[in-house]
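Listed below, chain by chain, are the residues.
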Amino acid sequence: MLKFLVFENGQPAKRWSVRNAYLIGSDHSAMRGDVSFKDGMVICDKREAGPASLALQYPVGNCGELTVQTTLLPDREEPYVLSLELARHRLMMLYNKMEDWSMFDVAEDHPASKRLELARKLFIEALSYLDVDNTKCDKFASDCLFVSVDGSEELALSHAELLLNRRKTSGSIPRFPIGCGVVLTQSHERVRTALLNNFDFAVMPTPWRELAPEEGDYRWQRLDNWIEWSRQSRLPVVAGPVVSFDSSVLPDWVYIWEHDYDTVRDLLYEHTERVITRYKDVVKLWNVVSGLHINSHFQFSFDQLLDLTRMATLLTKEIQPSAKVLIEIRQPFGEYYAANQRSIPPLMYADLLIQGAVGFDGLAIKLLMGQSAPGQFARDLMQVSNLLDQFAGFNKPIYLTVGVPSDEVTSMMLLSSDPAEPVDPACGHWRKAWSSTVQGRWLEAVLHVAMGKPYVEAVAWHEVIDHPEIELPLSGLLTEDLAPKPAFRHMAAFRKALSEKQPMKIAQMGGKDGEKEKKSKSAATGAQT
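Now for a quick tour of the structure. These numbers come from a predicted model, not from an experiment.

Scanning all chains against the criterion turns up 14 aromatic pairs. Taken together, a centroid distance of 5.2 Å and an interplanar angle of 10° make the contact between Phe298 and Phe300 stacked. Using a relative accessible area of 0% as the deciding quantity, one classes Phe298 as buried. Look at Phe300 and you get buried, because its relative accessible area is 3%. Seen in terms of ring centroids, Phe391 and Phe394 are 6.2 Å apart; in terms of plane orientation they differ by 50°. Their pairing is tilted. Residue classification places Phe391 among the buried residues on the basis of a relative accessible area of 0%. Here Phe394 falls in the buried class, since its relative accessible area comes to 16%. By the ring-pair criterion, three or more aromatic residues cluster together here, those being Phe245, Tyr255, Tyr261, Phe298 and Phe300.

Shown next, in the form of structure tokens:
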């Protein structure tokens, strides 16, 4: 068992909301266990042996309210100080990334260097009060966590700027780097013009629920209309996912066979064959399989999930040998595995595909944040950068799909399994509460981080326009009345800058360094005095 002391306003916490909390094992995968709050402590009751990290949503000063984690810790009766262990992990990540990215030669006056030095001093101060005055330990550790997260984001952006300009100089920017998802029901001419003028490709959904609302009754009109438009406009298309178990795209009639693997496999085979055959002359890049590793609706085994993946990719290649095939990873941080042991952790799934010689050409990673739904709690830029680096080890091009809302997603917008108990909408935020300005700033930063990676082939925004059935509410680049949000302009400007000769510059996250550091420095100096 692991126990962590938590504090609020300089006192042991009497209440503490445990959000997006789960345990992580030494293999970096989520592990089974229960996380709760009692008597001023967060208590982790593990169901597996060995050391573990605790990940949970935590306030990180001006950096926002983010899901962060501790280092791997052994069981012990004496409680740890939560803020200290969170700060220890982030400071360790900051040092490790400076080494991995060979950035120890960053100038001393660089924001990342200044944050690192200040974080180190604050951490030492926190350690000096451990078990002597844990409230002061918590105060310095919380300051250290904030400065470390801020510094790690500055480091991630500096590294992105370096690599992105290197890609531009060497001429290795992909031919079609920036895309956006369309909505089959939203075929306004202004939407199509915006797509054609500001993006390199369109992501065309192929929702099984909409294509075949009744078994054997296919309705192709809307998708045909979009595919024909893209063909006439000569706008490249990424189509899919063709096979997905997500409840928003899975037809209701399929659930009749949820315990019959062979029948489900046959249905998926027939559906894949129909879709690929119909659009093979236009679509050259297919998102064939999405999110099977989460396995939240069927009780299929590891082998059966891999068999479905292999079947769909082989069938696509058989029908269209020249096509490129993507396999999409959803909820890429893998929280779901802590609660569903029939699922497969994201990195393990990718590794099993490689080891099993499944034929595919790239990994698609879908990263949504900003609503209280599985896998969509707020993370910082360093975690995004580190996540992409982890998937780089599989030597496959990465196609990233991202999205965050332009306003706070309320409980009224979220579906609850129990109408009497609405969903807690507190999913965290990045820097400030979600707004159109924050959405645009986040998108700009993530575009730089992702496109700076030499293995990232393209970045797409998940849907172009707000609409009632959107997966992540308020996350379109256009409002429902077709007004462009700041994020739309940020994405168009970034795409234009990629084609220009001038080096690209990234604005610092922290704004005025003097104000930010003065407060933390004065606290550290006061303690030393």
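On to the sheet that holds strand β9 (residues 64-69). Read from one edge to the other, the open sheet built from five strands follows the order β5-β4-β8-β9-β19, with strand pairing classed as antiparallel. Unpaired on one side and paired on the other, β5 (30-31) and β19 (429-430) mark the two borders of the sheet. Inspection of the sheet shows strand β8 (residues 53-59) paired to β9 by five bridges, in the antiparallel sense. Looking across to β9, one finds that Pro59 is bridged to Glu65. Taken strand by strand, helix α1 (residues 82-100) contacts β8 and β9, and its axis lies near 105° from that of β8.

We now examine the packing of helix α7 (residues 261-279) against helix α8 (residues 302-319). The contact between α7 and α8 brings their axes to 10 Å, and the two run at 25°. In terms of their interaxial angle, α7 and α8 are classed as roughly parallel. Here α7 and α8 pass one another in a crossing that is right-handed. Between α7, through Tyr261, Arg265, Leu268, Tyr269, Thr272, Glu273, Ile276 and Thr277, and α8, the contact on the second element is made entirely by Gln304, Asp307, Leu308, Met311, Ala312, Leu315, Thr316 and Ile319. The residue inventory of the contact of α7 with α8, partitioned by class, reads nine nonpolar, four polar and three charged.

Next up on the list: the pattern of salt bridges. Going through the model one piece at a time under the given rule, you end up with 30 salt bridges. In this structure, Glu471 engages Arg330 in a salt bridge whose closest nitrogen and oxygen atoms are separated by 2.5 Å. With Glu471 in the loop between β20 (456-461) and α12 (486-498) and Arg330 in strand β16 (residues 324-330), this pair connects stretches of sequence that are 141 residues apart. On the basis of relative accessibility, which here comes to 25%, the residue Glu471 falls in the partly exposed class. Arg330 gets classed as buried once you look at its relative accessible area, which sits at 13%. Linked by salt bridges that have partners in common, Arg115, Asp150, Glu153, Glu154 and Arg431 make up one network.

Glancing now at the state of the cysteines. Taken as a whole, this structure holds zero disulfides when the rule is applied. The thiol sulfur of Cys44 is not disulfide-bonded, and the nearest other cysteine sulfur, from Cys137, lies at 18 Å. Cys137 takes part in no disulfide bond, and the closest cysteine sulfur, belonging to Cys144, lies 10 Å away. Judged by relative accessible area, Cys137 falls into the buried class, the value being 0%.

Before going further, it helps to examine the sheet that holds strand β1 (residues 2-5). With mixed pairing, four strands are arranged side by side in an open sheet as β6-β7-β1-β10. Since the sheet does not close on itself, it has two edges, and those belong to β6 (33-38) and β10 (80-81), each with one partner. As defined by bridge partners, β6 adjoins strand β7 (residues 41-46) across six bridges and the pair is classed as antiparallel. Residue pairing in the sheet places Val35 in a bridge with Cys44 of β7.

Criteria and cut-off values
- Residues numbered from 1 in each chain as written.
- Predicted model: local features only at pLDDT ≥ 70, side-chain atom pairs only at ≥ 80, totals over all residues.
- Heavy atoms only, no water.
- Phe/Tyr/Trp six-rings, centres within 6.5 Å; stacked < 30°, edge-to-face > 60°.
- Buried < 20%, exposed > 50% of the residue type's maximum accessible area, 1.4 Å probe, protein only.
- Pairing = 2+ DSSP bridges.
- Helix = DSSP H or I, 4+ residues; strand = E, 2+ residues; numbered from the N terminus.
- Contact = heavy atoms within 4.5 Å.
- Axes fitted to C-alpha atoms, helices over the stretch in contact; angles between N-to-C directions.
- Parallel < 35°, antiparallel > 145°, perpendicular 65-115°, else oblique.
- Left-handed = near helix turned anticlockwise from the far one by under 90°.
- Nonpolar A, V, L, I, M, F, W, Y, C, P; charged D, E, K, R; others polar.
- Salt bridge = Lys/Arg side-chain N within 4 Å of Asp/Glu carboxyl O.
- Disulfide = S-S within 2.5 Å.

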